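Below are the chains, spelled out letter by letter.
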Amino acid sequence: MKASRVLPFFVFSTGCRAAAICACLCLLSAQSARASERAFAYTYQSLTAPVGELELENKLTWKSRPGQIREFAFQHELEFGLSEKTQLALYVANWQYDARERGSAYQSSGLEIIHNFTHPVKDLLGSAIYGEVQMGDGLFSLEGKLILEKKFGPWVVAWNGEVKAEWEGRRIGDFQDSAGELSQTLGVSYEINRSLAVGVELLQEVPLGAWHGPANPEWYLGPNVTVRKGRFYATLTTLFQSTDRQSAPSVQARTIVGVEF
Amino acid sequence: MPISSLQAVVSVYGRRLVCAASVFVAALWLEGCAGLPPEVTPRMLDFSARGKTLPDLEEGRTVFLVACTRCHALDAPDKFSEAQWRRIVPEMAESSKISQRAEGLLLDYLLGARAQLLAQKAGRDLR
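Everything quoted here is computed from the prediction, not taken from an experiment. (Residues numbered from 1 in each chain as written. Chains lettered and ligands numbered in written order. Predicted model: local features only at pLDDT ≥ 70, side-chain atom pairs only at ≥ 80, totals over all residues. Heavy atoms only, no water.)

## Let's talk about the overall build of chain A
Point 1. Counting its secondary structure elements, chain A contains two helices and 12 strands.
Point 2. For chain A, the sequential pattern of α-helices and β-strands runs α-α-β-β-β-β-β-β-β-β-β-β-β-β.
Point 3. Counting every position in chain A, which comprises 261 residues, the buried fraction comes to 44%.
Point 4. For chain A, restricting intrachain contacts to residue pairs at least 6 apart in sequence, the fraction spanning at least 24 positions comes to 52%. (Helix = DSSP H or I, 4+ residues; strand = E, 2+ residues; numbered from the N terminus. Buried < 20%, exposed > 50% of the residue type's maximum accessible area, 1.4 Å probe, protein only. Contact = heavy atoms within 4.5 Å.)

Below you can see the structure in the form of structure tokens.
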């Protein structure tokens, strides 16, 4: 119940929540689309922002672990179209709220770059590479992704393969612990109309610990919905663990709300 | 309970689900390739503004494929009337930040492709 005081939305009954979400979707689906939105919350797509476009993305990831442990991670990101095929993003602040301790803490800031190689409609297969660097309070991480995507009319299918390395320590140059993770995501989305798309996402995470070897993979699967209106868009994915790893989150959800300028 | 049900479904039907998904994606691929907007033909020049060339229309088709799909699925050129396209294209061009030249080429291609598709549907020979 502690978390409910923080986010009252979670205390509503399932029926109320479903009705509220349906009402919002119906309202938004009557409008035309303009935002160059993301179709998925976990899976990146291969196309980059148009040259000169600036977009603000706010990301919230919620994870529920066994024992009623709930985590909320926030990310505020500014994206900028550098060229026809390259996009740069600045992670202004990543921070986390711990529902158990009822406190929040700054984690890191960073930079992200995406370079597109091929187009998901014009070419046989859309492709892009993604690089990210993050630095924070005793934290340094590097992340790389290969992004593949294909658009078939109203259908979008995208796949990401990702490798991540993370170092922790008291200060830069004195990092003690390192860990890695391999992961892949697959997203399939169907555009019902200009303002509403629904789909599913699949996530596989393979924690590498201290690089001693791969641990057992965790699989997650769940539905996805994206709504858009004018310069705004929002996408929400809820993933349920389909494996049986007690140490990993049983449910996780991510929502991204974006606005372009 | 939904999580344990999901785990059970994945463990029992995992391989079948992967096979079904592969067939689904392959079907989409074929459908997607077939559903691309019409290729540029010399006939389209009859319906475009004076002075336009085939490379101009090709460029307009590329703008249609690249800029429009950034935000949404493509509509068939004959879905809207000429007047509607003349209203829609400038509106969309603004939000997708394409140049005025690209906007003009896009409109030329759409009107040319639209006229050709309508003529084909009507069973008329354009020449």
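There is more to say, and it comes next.
## A word on the interface of chain B and chain A
How big an interface is tends to be reported as the loss of accessible area on association of its parts.
Point 1. Residue-level contacts link 25 residues of chain B with 38 residues of chain A.
Point 2. Where Asp75(B) meets Arg194(A), a salt bridge forms, and the shortest distance between an N and an O atom there is 2.1 Å.
Point 3. Along the contact surface separating chain B from chain A lie nine residue pairs in polar contact (both at pLDDT 80 or more).
Point 4. Looking at the side of chain B that touches chain A, the elements that each hand over two or more residues are α1 (2-34), α2 (54-67) and α3 (82-96) of chain B.
Point 5. Here the side of chain B that touches chain A takes nine residues from α1(B), the largest share from any one element. (Salt bridge = Lys/Arg side-chain N within 4 Å of Asp/Glu carboxyl O. Polar contact = N/O pair within 3.5 Å; in protein donor to acceptor, adjacent residues only side chain to side chain.)

## Points about the pattern of salt bridges
Point 1. Across all of its chains, the model carries 15 salt bridges over all chains by this definition.
Point 2. The salt bridge involving Glu57(A) is made with Arg38(A); its shortest N-O contact spans 3.5 Å. Note that Glu57(A) is positioned in strand β1 (residues 54-65) and Arg38(A) in the loop between α2 (14-29) and β1, a separation of 19 residues in sequence. Exposure class is identical for Glu57(A) and Arg38(A). Each is buried.
Point 3. Overlapping salt bridges, with partners in common, bring together Glu191(A), Arg194(A), Arg228(A), Asp75(B) and Lys79(B) in one network.

## A word on the environment of Tyr190(A)
Residues and elements named next belong to chain A.
Point 1. You can see Tyr-190 is positioned in strand β8 (residues 175-193).
Point 2. Counting along the chain gives 39 residues from Tyr-190 to Lys-151, while the straight-line C-alpha distance between them is 9.9 Å.
Point 3. Look past the residues within four positions of Tyr-190 in its chain and what remains in contact with it is Pro-154, Trp-155, Leu-196, Ala-197 and Val-198.

## A look at the sheet that holds strand β7 (residues 155-169) of chain A
Residues and elements named next belong to chain A.
Point 1. Strands sit in the order β1-β2-β3-β4-β5-β6-β7-β8-β9-β10-β11-β12 around a closed barrel of 12 strands; the barrel is antiparallel. Averaged over all pairs of adjacent strands, the angle between their axes in this sheet comes to 20 degrees, without regard to strand direction.
Point 2. As judged from the 14 bridges shared by strand β6 (residues 139-152) and β7, these two strands associate in the antiparallel manner. When the bridges of β7 are listed, Phe-140 appears paired with Trp-167. (Pairing = 2+ DSSP bridges. Axes fitted to C-alpha atoms, helices over the stretch in contact; angles between N-to-C directions.)

## Re the side chain of Asn94(A)
All names here are of chain A.
Point 1. Structurally, the position occupied by Asn-94 is in strand β3 (residues 86-98).
Point 2. We classify Asn-94 as buried; its relative accessible area is 5%.
Point 3. At a separation of 3.3 Å, a polar atom in the side chain of Asn-94 contacts the side chain of Gln-75.
Point 4. Those residues in contact with Asn-94, other than ones at most four positions away along the chain, are Phe-74, Gln-75, His-76, Tyr-106, Gln-107, Ser-108 and Gln-134.

## Some thoughts on the nonpolar core
Residues and elements named next belong to chain B.
Point 1. Judged by nonpolar contacts, the single largest core of 18 residues is most densely connected at Phe-64, Trp-85, Val-89, Leu-106, Tyr-109 and Leu-110.
Point 2. Elements with a contribution of two residues or more to this core: α2, α3 and α4 (100-122).
Point 3. With seven residues, α4 is the largest single contributor of residues to this core.
Point 4. When sequence neighbours within four positions are dropped, the list of residues in contact with Leu-110 reads Phe-64, Pro-77, Trp-85 and Val-89. (Core = buried A, V, L, I, M, F, W, Y, C linked by side-chain atoms within 4.5 Å.)

## Quick word on the pairing of strand β4 (residues 103-118) of chain A
Residue and element names in this part refer to chain A.
Point 1. When β3 meets β4, the two strands line up antiparallel, connected through 11 bridges. Among the inter-strand pairings, Trp-95 is bridged to a residue of β4, identified as Tyr-106.
Point 2. With antiparallel pairing between neighbouring strands as the criterion, β3 and β4 make up a hairpin whose turn holds four residues, including Arg-102 at a positive phi of roughly 55 degrees.
Point 3. Note: β4 against strand β5 (residues 126-136), 10 bridges, orientation antiparallel.

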